[in-house]
Each structure stands twice: as structure tokens, then as C-alpha cells.
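Okay, here's what each chain looks like letter by letter:
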Amino acid sequence: MIATKLLPRVFIHTENGQKIRLTDPNEDFSPEAVCNHFANLYAILTTAKIVGPEFKDDFREYEFVSTIGTKG
């Protein structure tokens, strides 16, 4: 029998030009719920868009992209 396993999720938030890797608080949370969870620590995530998943280095990588502070 073939067993399948989901790749672990990683969430990326860029602040001041540095990428911050956020661990998955709960595999049962949707990416939107994870963003809301981390919005308590990073207020800019309240308006962030979620990009992904992108598969990198045996992880499912989601990126929280904020448009606050950008023109155009």
C-alpha cells in the first residue's frame, strides 16, 4: 500500500527587507487563519495577501505580502 504525507507548511513574512520564517501554529488552520494568528504579533499582516503555496526544499511555502506603504 502506498502512503502519502503532506509536506510541512512554512509561512514567510518580509519586514524591513528581511524574510521572517514563521512556523505553522496548527496544521488544521487555513492559510488565512494562520495569517490572522500572526497578525497579533505583526499588525501589518491584517491587510496582507497570501501568495502560494510554492514548493521549495520539501516545504509548502506561503508568503504573506502586504501592500501597505507601497505606491501605485
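Below or above, wherever it landed, is the structure these notes cover. Quantities reported herein were computed from a predicted structural model and do not represent experimental measurements. Sequence order as written defines residue numbering, which begins from 1 separately in each chain. For a predicted model such as this one, the threshold for reporting local features is a pLDDT of at least 70, and the threshold for listing and counting side-chain atom pairs is 80 or more; totals across whole chains, interfaces and linings nevertheless cover every residue. Remark: hydrogens and water are excluded; side-chain values derive from all non-hydrogen atoms of the structure.

### Concerning the sheet that holds strand 1 (residues 9–15)
- A pair of strands is considered paired only if DSSP assigns at least 2 bridges between the two. What counts as a helix is a DSSP run of H or I of at least four residues, what counts as a strand is a run of E of at least two, and both are numbered from the N terminus. One open sheet holds the four strands; their spatial order is 2-1-4-3, and the pairing between them is mixed. Single-partner strands in this sheet number two, and they are strand 2 (18–23) and strand 3 (49–56). The mean inter-strand angle of the sheet, taken between neighbouring strand axes irrespective of direction, is 30 degrees.
- As paired strands, strand 1 and strand 4 (residues 59–65) are joined by five bridges and run parallel to one another. Directly across from Phe 11, in strand 4, lies its bridge partner Tyr 62. Lines are fitted to the C-alpha atoms to define the axes, a helix being fitted only along its stretch in contact, and any angle between axes, read from their N-to-C directions, falls within 0 to 180 degrees.

### A few points about the packing of aromatic side chains
- Working definition: rings of Phe, Tyr and Trp (its six-membered ring) pair if their centres are within 6.5 Å, and the pair is stacked with planes under 30 degrees apart, edge-to-face with planes over 60 apart, and tilted otherwise. By the definition in use, this model includes two aromatic pairs.
- Note on Phe 11 and Tyr 62: the rings are 5.3 Å apart at their centroids and 20 degrees apart in plane angle, and the pair reads as stacked. On the criterion of sequence distance, the pair formed by Phe 11 in strand 1 and Tyr 62 in strand 4 is long-range, its members being 51 residues apart. Considered together, Phe 11 and Tyr 62 belong to a single accessibility category, that of buried residues. With a 1.4 Å probe rolled over the protein chains alone, any residue whose accessible area is under 20% of its type maximum counts as buried; one over 50% counts as exposed, and the rest are partly exposed.

### Overview of the pairing of strand 3
- Bridge analysis of strand 3 against strand 4 gives six bridges, and the strand direction is antiparallel. Across the sheet, residue Val 51 finds its bridge partner in strand 4, namely Glu 63.
- In textbook terms, the turn of a hairpin is the stretch between consecutive antiparallel strands, and for strand 3 and strand 4 this stretch comprises two residues, one of which, Asp 57, has a positive phi near 45 degrees.

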